[in-house]
Amino acid sequence: MTRLAMGRYLVPLPFLLKGDNLMSQYVLGVDLGTSAVKVSAVDRQGNISAQESYAFPLSHPQPGYSEQNPADWVMGTAVAIVRLILNDHIQATDISGISFSGQMHGLVLLDKNNQVLRPAILWDDTRTTKQCQEITTQMGERFIDITHNRPLEGFTLPKLLWVQENEPEIWQQATTFLLPKDYVRFRMTGKLATDYSDATGTVMLDADQQTWSPEICQQFNIPLSMCPELKQSIAEVGHISDSFAEFSGLSPATKVFAGAADNAAGALGAGILKPNRVLSSIGTSGVVLKYEANASVNYRGLLQFEDHAIPNTYYSMGVTLAAGYSLNWFKKTFCGQESFTKMIASAAKSVVGAHGLLFTPYIVGERTPYADADVRGSFTGIDGTHQKGDFVRAVMEGIIFSFRDIMAIYDEKDSTFDTVISIGGGAKSELWLQIQADIFNKKVVSLKNEQGPGLGAAMIAAVGLGWYSDFQAITRQFVHLGPVHEPIPKNVAQYQKLHQIYQQVYRQTQSLSHDLLAFRREFN
Ligand SMILES: Nc1ncnc2c1ncn2[C@@H]1O[C@H](COP(=O)(O)OP(=O)(O)O)[C@@H](O)[C@H]1O
Ligand SMILES: O=C(CO)[C@@H](O)[C@H](O)COP(=O)(O)O
């Protein structure tokens, strides 16, 4: 039988030709999340023809540390692509373009030969409190004027300073830094670059000038040459290299576009192109995000301010560090092999307010509204009658109360919106969608196909290829909203009362959790 060599995979040719989609053209959206990489093949009409994913581990070598191995991202992406080609019969030659959505802020350091120098330090790593204080001491309000952000542990600049101070032997060899998706793109094309939406997340971009800030780089002894070239999200960065083609089965003719930060891509994939719509994303992290038409708004660091994937537009957001991560932690720790669906079914048997049990999701520290790396989570009100379902429900509710706290910042700024679009793994749960509607007291809408960031990445490639003239046009064709969850007045009233109690937990447990973390650092 004739066999076609695809990298190291030998595939019977008739098998490859069996697919229905021989004459179709696709773009691939690579969504590099924290729990897994998910690759979607999307046709010119916006139909998601196939999806594959590959999970990778998170490493927490010490409390507050969070790392991943960049090689795992590349391997996982290649495996997902190989599966699309072999299992889903997407023809490599039909894949016209690829783009990316990437977990934000993570630091990948490369030496002069573009070799990775140390594990990537991720967005939820909070080891850099000292470096954040140094940035504030040295630059004060000027830092916020330049970046429209305040320095927080998750961002890339404090991570660079941590390596400078703590690993001088690594720092001496460091030649380039990249964000996570940029490293995957580099391994696919051989080209070093980042895009503006991920660049803002480093807090080294001058938000008004749209250049790397020479003032910030000079202040902290970071050579400007270390910063990758800036590209628009839809810019073509290159083609698939021969070596990655060999490895993955892709065609070297496939064009590769810069892509975007996952929240920018998620906003695209959810049709967040107007200020009346807000995104609620329950991934590993949790995000409440609002479209901003121009850079004149400055929340002075109360919320993050970032470049959107659409040129000259922006978004603001608040981040709950451990959203889906909290539910995942609960499942892994207490529910054995049980599926999310089964575990959540037990929560559905509980009631609004989980019979008086409250959870705060600060289990890896928090970013918004409390920028506090050393706070930790809590269950309050545990009673001898509580069942497992009450605990699961309390975790789900606590995460959404944390989102409600972010919305309170928008309320204070008189920033109004009427619709919440829910994306991320958490949007798969009907119960969680209704809890959101009831706690937000807003209409909550999910997507027909829950692939916000992956779809956004595919949309970037499709616009980059010229299939659509702009993001407004492609959104009309690609983004399909699903069922609407309306708030239930009785539940809204109960949650409003409970939220007031929830809001007291941070202040009343802050010093306790700081003391406990100090104890842990001293003794374990
Ligand atoms: N069936 C489900 N119902 C509700 N939540 C789910 C389900 N499956 C996964 N999740 C949640 O979604 C999270 C992963 O979301 P995802 O958007 O894939 O994350 P990331 O992009 O960070 O990798 C998990 O941590 C989990 O809490
Ligand atoms: O730190 C942030 C945004 O500022 C996170 O939202 C990361 O971008 C990770 O995203 P997920 O893996 O949770 O999608």
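This one's a predicted model, so the numbers in the text were calculated from it and none came from an experiment. (Residues numbered from 1 in each chain as written. Chains lettered and ligands numbered in written order. Predicted model: local features only at pLDDT ≥ 70, side-chain atom pairs only at ≥ 80, totals over all residues. Heavy atoms only, no water.)

(A) Structural view of the domain arrangement of the chain. Looking at the chain, the domain boundaries give domain 1 (26-258) and domain 2 (271-523). When each unit is reduced to the centre of its C-alpha atoms, the spacing between domain 1 and domain 2 is 23 Å. If you look at the interface, domain 1 gives 53 residues, while domain 2 gives 45 residues. The tally of links from domain 1 across to domain 2 stands at 2 salt bridges. Two residues, R300 and E141, come together in a salt bridge whose shortest N-O distance is 2.8 Å. (Domains from an automatic or database assignment. Contact = heavy atoms within 4.5 Å. Salt bridge = Lys/Arg side-chain N within 4 Å of Asp/Glu carboxyl O.)

(B) Representation of the site of ligand 1. In the vicinity of ligand 1, 19 residues are found, and the nearest of them are S35, K38, T284, G324 and G425. At 2.5 Å, a side-chain N or O of S35 approaches an oxygen atom of ligand 1. One of the side-chain N or O atoms of T284 is found 2.5 Å from an oxygen atom in ligand 1. Relative to its free-state accessible area of 580 Å², ligand 1 is covered by the protein chains to the extent of 85%. Across the shell around ligand 1, the residue classes break down as 6 nonpolar, 11 polar and 2 charged. Looking at the shell around ligand 1, you find at least three residues from each of domain 1 (26-258) and domain 2 (271-523). (Near = heavy atom within 4 Å. Polar contact = N/O pair within 3.5 Å; in protein donor to acceptor, adjacent residues only side chain to side chain. Areas by Shrake-Rupley, 256 points an atom, 1.4 Å probe, with all protein chains shown as cover. Nonpolar A, V, L, I, M, F, W, Y, C, P; charged D, E, K, R; others polar.)

(C) Focus on the packing of aromatic side chains. A complete count under the given rule lists 21 aromatic pairs for this structure. With a centroid separation of 5.1 Å and an interplanar angle of 70 degrees, the aromatic rings of F379 and F391 are classed as edge-to-face. Here F391 lies in helix α14 (residues 388-412) and F379 lies in strand β23 (residues 378-380), a separation of 12 residues in the sequence. By relative accessible area, which is 17% here, F391 ends up buried. (Phe/Tyr/Trp six-rings, centres within 6.5 Å; stacked < 30°, edge-to-face > 60°. Helix = DSSP H or I, 4+ residues; strand = E, 2+ residues; numbered from the N terminus. Buried < 20%, exposed > 50% of the residue type's maximum accessible area, 1.4 Å probe, protein only.)

(D) Quick peek at the environment of F340. Tracing the backbone through its elements, the reader meets F340 in helix α13 (residues 340-348). A residue is classified by how much of its surface remains accessible, and F340, at 36% relative accessible area, is partly exposed. Setting aside anything within four residues of it in sequence, one finds F340 in contact with L327, N328 and K331.

(E) Fine view of the UniProt feature "site: Important for activity" (unreviewed entry) in the chain. Mapped onto the present numbering, the UniProt feature "site: Important for activity" (unreviewed entry) falls at D31. Among the secondary structure elements, D31 is positioned in strand β3 (residues 26-32). If we skip the residues at most four places from it in the chain, D31 touches A36, V37, K38, S101, P453 and G454. (UniProt positions renumbered as here; feature names shortened; annotations may be inferred.)

(F) Representation of the environment of W329. Examined against the element boundaries, W329 turns out to sit in helix α12 (residues 324-334). Accessibility expressed as a relative area gives 26% for W329, which makes it partly exposed. Along the sequence, W329 and I363 sit 34 residues apart, while their C-alpha atoms lie 9.3 Å from each other. Not counting the four nearest positions on each side in its chain, W329 is found in contact with F334, F359, I363 and F379.

(G) Main features of the site of ligand 2. As a structural note, the neighbourhood of ligand 2 is formed by 15 residues, with T34, H105, D262, S285 and R367 the closest of them. One of the side-chain N or O atoms of T34 is found 2.5 Å from an oxygen atom in ligand 2. Here an oxygen atom of ligand 2 sits 3.1 Å away from a polar atom, N or O, in the side chain of N263. Where the shell around ligand 2 is concerned, the elements lending two or more residues are α11 (262-269) and β21 (314-320). Inspection of the shell around ligand 2 shows a minimum of three residues originating in each of domain 1 (26-258) and domain 2 (271-523).

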